[in-house]
Amino acid sequence: MQILAPSTVSVAELHNAVTRKGYGMLNAASVAEWAGCSLKELQALSPSWDHMPPDNYLKDGGRYRRRLHSSFVFENDALHPVPHRAHWQSLDYNALHGGMERWFEPMHEATVNTPAWTQLLTAFAHTASQVRGTPHTKWCIEAHQFRIDTTDGIGRPTPEGAHRDGVDFVAVFMVNRTHIKGGETRVFEANGPQGERFTLSEPWSLMLLDDTRVIHESTPIQPLAEGGHRDTLVLTCRADKFQDAEPSA
């Protein structure tokens, strides 16, 4: 089965790629360089994807997604966790799950307290500021650990379909692919004809998107053996404030 690999760039080329076409990809070694840590330190985070609680908000009735969620603020060149909060998107960006507060369990302290975690989110915020040309921006970052499994025969990484997230930037890290087929990633211009498709497969490789310019989706996965699953880390950042439900009039 042929897998179409993404076209990656160097760390030095990343912000230019995102500026030019709205997205860019790094291989795992470049992600470690970008974050200023070792690949071994990133890989040490991977076991925290095991034993996550189920996502109880899937409106399609599926049982294929497990998830943890935490939020952070990057300001004055420092990263700070914020009190646990709901994940919220408007229906404009997520027609399936938008318009409701989703209270997922928080990420483990052992994960978010590691130096590699801080370095990863710091690199994300720095690149966002580079692309926007705004070095002193306050970035509101949400982190989502996902496991899409094939317990029921099929798992849907993006049940909402091709979408934007309503933020400034989205970073998708492939953490692990185990005994599956499918899961092809597709990125399209939001206001144009250009698009690209590929399969993220290398653990700790990265796809970085300018969410204001592109839409994205991943195709369903199916098992090649028992226990097939796909683990990703999704980071989003938004300037100045988080997406929150607007108070009722």
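So, how was this worked out
All residue numbers here refer to positions counted from 1 along the written sequence of the relevant chain. Per-residue local features are limited, in this predicted model, to residues with pLDDT of at least 70; the limit for side-chain atom pairs, both in listing and counting, is 80 or more; totals at the level of whole chains, interfaces and linings are taken over all residues. The basis for every side-chain value is the complete set of non-hydrogen atoms in the structure, without hydrogens or water. In DSSP terms, a helix is any run of H or I states spanning at least four residues, a strand is any run of E spanning at least two, and both are numbered starting from the N terminus. Type-normalised accessible area, obtained with a 1.4 Å probe on protein chains alone, sets the label of each residue: buried when under 20%, exposed when over 50%, and partly exposed for intermediate values. Accessible areas in this description were obtained via Shrake-Rupley with a 1.4 Å probe; residue shielding takes into account the shown protein chains only. Here the positive residues are Lys and Arg and the negative ones are Asp and Glu; neither His nor the chain ends is included. The atoms used to mark charge sites are NZ of Lys, CZ of Arg, CG of Asp and CD of Glu. Within this scheme, the nonpolar core is defined by two criteria: the residues are buried Ala, Val, Leu, Ile, Met, Phe, Trp, Tyr or Cys, and they are joined through side-chain atoms within 4.5 Å. Strand pairing is assigned whenever DSSP detects at least two bridges linking the two strands. Between N-to-C directions, angles span 0 to 180 degrees; the directions come from axes that are lines fitted to C-alpha atoms, helices contributing only their stretch in contact. Throughout, a residue-residue contact means that at least one pair of heavy atoms, one from each residue, lies within 4.5 Å.

With respect to the overall build of the protein chain
Right, on to step 1. The helix and strand inventory of the protein chain stands at five helices and twelve strands.
Right, on to step 2. Taken along the three principal axes of its C-alpha coordinates, the protein chain extends 50 × 45 × 40 Å.
Right, on to step 3. Split into buried and exposed, the 249 residues of the protein chain put 51% on the buried side.
Right, on to step 4. Carbon and sulfur atoms make up 49% of the accessible area of the protein chain, which totals about 11,600 Å².
Right, on to step 5. Between the averaged position of the 23 positive side-chain charges in the protein chain and that of its 30 negative side-chain charges there is a distance of 4 Å.

Notes on the nonpolar core
Right, on to step 1. Counting residues in each nonpolar core, the largest one holds 41 residues, and the members touching the most others are Trp34, Trp117, Leu120, Ile141, Phe173 and Trp204.
Right, on to step 2. Where this core is concerned, the elements lending two or more residues are helix 1 (11-21), helix 2 (28-35), strand 2 (65-75), helix 5 (115-132), strand 4 (139-149), strand 5 (169-178), strand 9 (205-210) and strand 12 (229-239).
Right, on to step 3. Per element, the largest residue contribution to this core is nine residues, and it comes from helix 5.
Right, on to step 4. If you look at the next biggest cluster of nonpolar residues, it comprises 14 residues, including Val170, Met174, Phe198 and Val214.

A look at the sheet that holds strand 7 (residues 185-189)
Right, on to step 1. Here we have three strands laid out as an open sheet, ordered 8-7-10, and antiparallel in their pairing. Edge positions in the open sheet fall to strand 8 (195-198) and strand 10 (214-218), since each of these has one partner strand only. Taken pair by pair, the neighbouring strands of this sheet meet at an average axis angle of 15 degrees, ignoring direction.

Remarks on unusual backbone geometry
Right, on to step 1. The phi dihedral of His51 is positive, around 65 degrees, even though this residue is not glycine.
Right, on to step 2. Secondary-structure assignment places His51 in the loop between helix 3 (39-43) and strand 2.
Right, on to step 3. Given a relative accessible area of 80%, His51 falls into the exposed group.
Right, on to step 4. Despite not being glycine, Trp204 has its phi angle at roughly 70 degrees, a positive value.

A short note on the environment of Val11
Right, on to step 1. Looking at the secondary structure, you find Val11 in helix 1.
Right, on to step 2. A relative accessible area of 21% means that Val11 is categorised as partly exposed.
Right, on to step 3. For the pair Val11 and Ala32, spaced 21 residues apart in sequence, the C-alpha to C-alpha distance is 9.7 Å.
Right, on to step 4. When neighbours within four sequence positions are excluded, Val11 is seen to be in contact with Leu26, Ser30, Glu33 and Trp34.

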